[in-house]
Every structure is written in structure tokens, then in C-alpha cells.
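What the coordinates show
What follows is the residue order along each chain.
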Amino acid sequence: MNPIESTYYKTDRLKIHALQRDGDVSGDVILLVHGNASSSVFWREVMEKLPAQFNLIAPDLRGYGKTEDKLIDATRGFMEQTEDIIGLMDHLGTDRFHVAGHSMGGGVVYGLLAEFSSRIRSVTLINPVSPYGFGGTKGEEGEPTVADYAGTGAGVANPGFARKILEKDRTENDPNESPRSVMNSYYWKPPFRPEREEELLDGVLEMKIGDQRYPGDSSSSKNWPFMAPGSFGPVNACSPLYLKGLAGKIINAKVKPPILWIRGSDDKIVSDHSLFDMGTLGSSGLIPGYPGKDLFPPQPMVSQTRAVLKNYEEKGGVYNEVVMEDTGHTPFIEKPEEFLKHFINHLNKESE
């Protein structure tokens, strides 16, 4: 098996860093897209264990890792990073490929499904953000809780977490702000701690920080919790304000690659009661002034994703939902062998 190499590609859009492993000349290409507050290194163990015939590439998204520091125009939703990815695949001369996306990286995959589905051989979503974005919607069809989407975007992110990343903090002094503590409390289900904890923490600490980077800018709102999305950075790009119509584009994509949806049973980040969602926090009494569950319920993230995928299936697509028990937000790190069993089976079905 060929080694995993760290490499850079200068595309028409930006200079992208990626981890890459070459396979057979005729082997399929698998694109691996990381999530928020992480980087390509989160895929390393999967890359080491996938069969040798596959050609693998795991880029650092714009705003993360070692990729060139360019701003994210959040008003375009996931499309800045989606177009970066397509630019990379064009640069590599890769027309069609399999793609797997984790968490926010699932949002980038949604962008690929919506605009470039003819280039995708198969899709794997791992604990993905809802197709309606993160926070500020209710019901399975993603109805906005308030018109300006208050309670979403950078204004509701923890500024202490961003500050600790900027300081390159490696301690566990604060359970809600220290990157190591946040990673080990929420990225996977405690008491699990990965053998490569230091490398994974490196990936978190490489994230670009600032008012126009992570978490981004925000605006004031007359609606609870009195903060609305800004225009820059990856957290604002996840706001449903900038993702209107995305679910419909996925459902109605002319080419519908098969989708495998894998999620951890005990995810605290993406769930129907996410501990990072203003509706959940408000209903738990942790944020003053909560207007009540009728007006601002917890976002049913998993139920929304399932509803979109069911509609995708009704329109001629195929999807399969797999729940990995006793895992959190990152099952491919928590139980890599079990994850790979499902993933490789999915890849082989499409390749037959």
C-alpha cells in the first residue's frame, strides 16, 4: 500500500493542502471532506485502512488546516467550499468520484449534490449537518423560527473556544472552552479518547480565527436570542438564512448517486436535541428570555435529514441509514473497523 502524503495544489481558486494516498491507476477516487473545527488529519486512520486500490484525497477546506487563508463569503452558504472542491478535482483531472463528508463537511457534500451530482459516484454522509443548516428552523421541512434567523450563525458560537484556538491552548483547564476538552467531550462519546489525540488536536488548532473567519461576524436582532447571522466565516455559512432552496435542489437532482447516511447513536452536536442549538439550550433554562418551545423549539436535525433523504428516495434516489451504537459525533474515529465495514460495502455496491 502506498504511503499517505501531505501535498499542496494551486487551483484557480486557492492553494489547497491535502492528504493523499495513491491507489491503482484504474482505481476509484474517494474524496474525504472533514467537518468544522477539524482538518484532513481526522481522516488519516480511515485512509490507512481503506483497500489499496482506492485513490484517496482529503483536503483541508477553506478556513481550516494548512490550506491558503481566504475568506468565506457566508452569504453563498456552502458553495465557496463546494466550488473549491470542484476546482481541486478539475485540477487533478478527476471527472467522477465517491465523496464522504463529516458534520459540516456533509454540508459541502450537499452543495455537490445540488450543483454537481453528475460527477458523484456515491455519497457517504457521517453525522451531517441538516440540509436546512444549523439552528433556527423547526419541523421536518425546516420552517424558520423567526424571519431573520436569529439564533443562528457566528453570534451564538462560543467566543472562548475561538480564543483558546487562537492561543493554541492544549490544556484541559476549561470544559467548555479548551479545544482538547471540547473535542473529548463532544466529538466522540466519553470516556473514549483516540490514540492520535495530539495530531487531532493539531488539526483543530489550525483553524483560522477572526471576525471574518471562525466564527465570523454577527448582527443584532429584535428576536431572541437577539443575534442574527453575519456575512463571513464557516459558522454563518451554516445558517439556514443562506441555505434556502438547498434541500429542494438535493431532492430534485437530475442525477441521484446512492447515499449512505451513517450517524452515531449518542451524538451531542447533530441531533434532534443538540447541545449546541439555541432551542435546546433555551428550553433547558440555560439562556435567559427563552420564548418557549412553540416559537423556538430545538431543531430536529436528524429528523430533517431523514425527511429530505426520504423525499430523495421517492424521486428515484437510494439511501440507507445506519446508526452506529455507543458512538458520538465521529464514529469513523471511535469505531473505525465497524465504520469501514459499512463504508466499503457501500463503495463496492456502486462499483459493481
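We now turn to the structure provided with this report.

Reading the values: the criteria
Residues numbered from 1 in each chain as written. Predicted model: local features only at pLDDT ≥ 70, side-chain atom pairs only at ≥ 80, totals over all residues. Heavy atoms only, no water. 1 Å grid on protein atoms, 1.4 Å probe; cavity = no way out; pocket = protein on both sides within 12 Å on 5 of 7 lines; lining within 4 Å. Points joined across faces, edges and corners; volume = space filled by probe spheres on them. Nonpolar A, V, L, I, M, F, W, Y, C, P; charged D, E, K, R; others polar. Helix = DSSP H or I, 4+ residues; strand = E, 2+ residues; numbered from the N terminus. Pairing = 2+ DSSP bridges. Axes fitted to C-alpha atoms, helices over the stretch in contact; angles between N-to-C directions. Contact = heavy atoms within 4.5 Å. Buried < 20%, exposed > 50% of the residue type's maximum accessible area, 1.4 Å probe, protein only.

Glancing now at empty space enclosed by the protein. Over the atoms a probe the size of a water molecule is rolled, and this reveals where empty space is left. If you walk through the whole model with that rule in mind, you get three cavities of 30 Å³ or more. What the largest cavity holds in volume is close to 50 Å³. G63, K70, L71, I72, K208, Q212, R213, Y214, G233 and P234 together form the lining of the largest cavity. In the lining of the largest cavity, the residues fall into four nonpolar, three polar and three charged. With three residues, helix α2 (residues 79-92) is the single largest residue contributor to the lining of the second largest cavity. Each residue belonging to the lining of the second largest cavity can be placed in one class, and the counts come to five nonpolar, two polar and three charged.

Two orientations exist for strands paired in a sheet by backbone hydrogen bonds: parallel and antiparallel. Within the open sheet, the eight strands sit side by side as β1-β2-β4-β3-β5-β6-β13-β14. Their pairing is mixed. Because the sheet does not close on itself, it has two edges, and the strands there are β1 (5-10) and β14 (319-324). Within the sheet, the average angular offset between the axes of one strand and its neighbour, ignoring direction, is 20°. Bridge count for strand β13 (residues 259-264) against β14 is six bridges, and the pairing is parallel. From the neighbouring strand, R263 faces β14, where its bridge partner is V323. Against the sheet, helix α3 (residues 104-116) makes contact with β3 (29-33), β5 (97-102), β6 (120-126) and β13, and its axis sits at roughly 145° relative to β5, the strand it touches most.

So, about the pairing of β1. Here six bridges tie β1 to strand β2 (residues 15-21), and the two strands are oriented antiparallel to one another. In the sheet register, Y8 faces β2, and the bridge partner there is H17. Here β1 hands over to β2 after four residues, the two strands then running antiparallel side by side.

With that settled, the discussion passes to helix α6 (residues 197-205). Taken residue by residue, α6 has E197, L200, L201, G203, V204 and L205 as its buried positions. The inward-facing, buried residues of α6 abut α4 (159-166), α5 (179-187) and α11 (331-334).

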